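# Observations on the three-dimensional arrangement
Below, each chain spelled out in residue letters.
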Amino acid sequence: MSPTNSDLVPLVYAIATMDTKGEELNFVAEQLKSQGLSVATIDVGTLDPPSIEPSITRDVVAGCNPNTDALRCEDRGQAIEAMSDALQTFLSNEHRSGRVAGVIGLGGTGGTALICPAMAALPIGVPKVMVSTVGGGDVSAFVGGSDIVMFPSIVDVAGLNQVSTKILSNAAHALAGMVSIPSPTTKVRPAIGMTMFGVTTTCATAVRVALEAEGLDPLVFHATGTGGRAMDKLVESKLIRGVLDITTTEVADEVVGGIFPAGPSRFDAIIESEVPYVMSLGAVDMVNFRARSTVPEKFKDRLLHVHNPQITLMRTTPDENREIARWIAEKVNRSTAEVAILIPEKGVSALDAPGQPFFDLEADEALFSELERCIDTTPKRTVRRLPYHINDPEFAKALTGTFRSMWIQSQDGSA
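Quantities reported herein were computed from a predicted structural model and do not represent experimental measurements. (Residues numbered from 1 in each chain as written. Predicted model: local features only at pLDDT ≥ 70, side-chain atom pairs only at ≥ 80, totals over all residues. Heavy atoms only, no water.)

### Overview of the overall build of the chain
Looking only at helices and strands, one finds 13 helices and 14 strands in the chain. For 415 residues, the compact-globule estimate of 2.2 N^0.38 gives 22 Å, and the chain sits close to it at 24 Å. Principal-axis analysis of the C-alpha atoms gives the chain an extent of 70 × 55 × 40 Å. Split into buried and exposed, the 415 residues of the chain put 52% on the buried side. A separation threshold of at least 6 residues defines the contact pool for the chain, and within that pool the share at least 24 residues apart is 72%. Only carbon and sulfur atoms are counted for the fraction: they give 52% of the accessible area of the chain, which is about 18200 Å². (Helix = DSSP H or I, 4+ residues; strand = E, 2+ residues; numbered from the N terminus. Rg over C-alpha atoms; globule rule 2.2 N^0.38 Å. Buried < 20%, exposed > 50% of the residue type's maximum accessible area, 1.4 Å probe, protein only. Contact = heavy atoms within 4.5 Å. Areas by Shrake-Rupley, 256 points an atom, 1.4 Å probe, with all protein chains shown as cover.)

### Focus on the sheet that holds strand 13 (residues 339–344)
In space, the six strands of this open sheet follow the order 7-6-8-9-13-14, with parallel pairing throughout. Bordering the open sheet on either side are strand 7 (217–222) and strand 14 (381–386), each of which pairs with just one other strand. Averaged over neighbouring strand pairs, the angle between their axes works out to 15 degrees when direction is ignored. The strands touched by helix 8 (residues 226–236) are strand 6 (191–196), strand 7 and strand 8 (243–245); relative to strand 7, the strand with the most contacts, the crossing angle is about 145 degrees. (Pairing = 2+ DSSP bridges. Axes fitted to C-alpha atoms, helices over the stretch in contact; angles between N-to-C directions.)

### Observations concerning the packing of helix 1 (residues 22–33) against helix 6 (residues 164–180)
At a minimum axis separation of 9 Å, helix 1 and helix 6 run at an interaxial angle of 45 degrees. As far as their axial angle goes, helix 6 and helix 1 are oblique. Considering only the axes of helix 1 and helix 6, their crossing is right-handed. For the pair formed by helix 1 and helix 6, the contact residues are E24, F27, V28, Q31 and L32 on the first element and T165, L168, S169, A172, H173, L175 and A176 on the second. The residue makeup of the contact of helix 1 with helix 6, split by class, is seven nonpolar, four polar and one charged. (Parallel < 35°, antiparallel > 145°, perpendicular 65-115°, else oblique. Left-handed = near helix turned anticlockwise from the far one by under 90°. Nonpolar A, V, L, I, M, F, W, Y, C, P; charged D, E, K, R; others polar.)

### Some words on the UniProt feature "domain: UPF0261" (unreviewed entry) in the chain
Feature annotation in UniProt assigns "domain: UPF0261" (unreviewed entry) to the following positions: residues 11–181 and 189–406. A helix fraction of 42% and a strand fraction of 16% characterise residues 11–181, whose end C-alpha atoms lie 15 Å from each other. With 37% helix and 20% strand, residues 189–406 has end C-alpha atoms that lie 17 Å from one another. (UniProt positions renumbered as here; feature names shortened; annotations may be inferred.)

### So, the domain arrangement of the chain
Taken domain by domain, the chain comprises domain 1 (11–180) and domain 2 (191–413). The centre of domain 1, based on its C-alpha atoms, is set 36 Å off from the matching centre of domain 2. Listed by partner, the interface residues are eight residues for domain 1 and six residues for domain 2. Summing the contributions of domain 1 and of domain 2, the shared interface buries around 500 Å²; its carbon and sulfur component is 61%. (Domains from an automatic or database assignment. Buried area = accessible area lost by both parts, 1.4 Å probe.)

### Some thoughts on the sheet that holds strand 10 (residues 286–289)
Sheet strands pair via backbone hydrogen bonds, and the direction of the pair is either parallel or antiparallel. Read across the sheet, three strands follow the order 10-12-11 without closing on themselves; strand pairing throughout is antiparallel. Two strands close off the open sheet at either side, each with one partner strand: strand 10 and strand 11 (304–308). When the angles between neighbouring strand axes are averaged without regard to direction, this sheet yields 30 degrees. Alignment of strand 10 against strand 12 (residues 311–315), held across four bridges, turns out to be antiparallel. Counted as the bridge partner of M286 is R315 from strand 12.

### Quick notes on the packing of aromatic side chains
Scanning the model with the defined rule gives four aromatic pairs in all. Each ring, one from Y13 and one from F90, has its centre 6.1 Å from the other, and the planes form 90 degrees; the classification is edge-to-face. Of this pair, Y13 sits in strand 1 (residues 11–16) while F90 sits in helix 3 (residues 76–96); the two residues are 77 residues apart in sequence, bridging distant segments of the chain. By relative accessible area, which is 5% here, F90 ends up buried. With 6.2 Å between their ring centres and 20 degrees between their planes, F403 and W407 make a pair best called stacked. With F403 and W407 both in helix 13 (residues 393–414) and four residues apart, the pair spans about one turn of that helix. (Phe/Tyr/Trp six-rings, centres within 6.5 Å; stacked < 30°, edge-to-face > 60°.)

### Re the environment of A337
With respect to the secondary-structure elements, A337 resides in the loop between helix 11 (318–332) and strand 13. Taking the C-alpha atoms as reference points, A337 and R381, separated by 44 residues in sequence, lie 7.9 Å from one another. Each residue touching A337, except ones within four places of it in the same chain, is listed here: E274 and K380.

### Overview of the pattern of salt bridges
Here the structure, examined in full by the defined rule, presents 23 salt bridges. R302 is the partner of E320 in a salt bridge, and the nearest nitrogen-oxygen pair spans 2.8 Å. Taken together, the residues span a long stretch of sequence, with E320 in helix 11 and R302 in the loop between strand 10 and strand 11 at a distance of 18 residues. By relative accessible area, R302 is classed as partly exposed at 21%. One network of salt bridges, with partners in common, ties together D232, D245, E250 and R266. (Salt bridge = Lys/Arg side-chain N within 4 Å of Asp/Glu carboxyl O.)

### A few points about the side chain of R266
Looking at the secondary structure, you find R266 in the loop between helix 9 (250–256) and helix 10 (268–273). R266 gets classed as buried once you look at its relative accessible area, which sits at 2%. Those residues in contact with R266 that sit more than four places away from it in its chain are T195, G228, M231, D232, D245, T247, E250, W327 and K331.

### Observations regarding the state of the cysteines
Covalently bonding the sulfur atom of one cysteine to the sulfur atom of another cysteine gives a disulfide. Enumeration over the complete set of coordinates arrives at zero disulfides. Free cysteine: C73, not disulfide-bonded; nearest cysteine sulfur from C64 at 15 Å. Left unpaired, C116 is separated from the closest cysteine sulfur, that of C64, by 19 Å. Look at C116 and you get buried, because its relative accessible area is 1%. (Disulfide = S-S within 2.5 Å.)

Shown next as structure tokens:
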């Protein structure tokens, strides 16, 4: 059954494939109810009948996908994808109606792949918890740029035992806390997105402090792939009203094959939103890998720098930098609103400075020249070289000043 439209009490939605995880989901629902929350269980199974009757049946959810009936798919992968799309539509509709207080899901790899996209489609700030058998590994493919909290299930989500009951109870009570305890109220200031890496911290910190002094609310994202995606998602949600993309290193990983790419849609949401946008080339001198032993064989003879036991950095070459410049230019050339790219001629990271391991004037010049060649400059789309290192105070002032002018102009235009 489905909740009636007249019942406007916000619900916590507890989701699982209830043919195999009905008992476990029912246990989670009871834990949530014990904290005074209203709960609806959702069955997203596509095989056998549910072991426990859900609040919302799989037929109701599957009906939200007008293209593919998940319950008629013979292929399991297709069924999971169709049900995931249906669940996303269902939860999004419920959220627009003001009915979603929070969401918790249980699953193995299939259930995690099914439920997480629907959670990720909900706005940042809506409480989301996923108890998953893959929760202790690399969950970037499931979480992306969202704020899903992943709970490693430790044991499989298969029966109630002394381990699973503890994990499921902890997860339920964590969600109950998120739902029940209001977030602290803060003075609302216009949010500005910023990107930073450890090797551009000096620059980003100076810019952040300057923006705060001007009454703005800078949100700093670590440029590790998920950071860029999270910033793009907030821009798309109209929660970020301007961007200082100081550290675009994720492009290097996207182009060359590192572990921190933000994906092929990086920059798209920012450009399409037409928010004030200032870009630089922070940490584009490096591609990221995990421990040195994990560096692909084809890169073993390259210039490598062990950043810490878990992260190894590889210096980009002139040819790679030209490709990176072309990738950026292809995106920026789509812009119709004002975009400013500032180039720090004396180095793009703390490692790209005289005496440091990645200092390479030839590689930098290949990046800068190709970018200038490929960008179709207009009065609104500009590229400017500055005789500073990215971490010089003068470069931070130039970034801030450029953004300030664009911000003021955008506010005058919206007045």
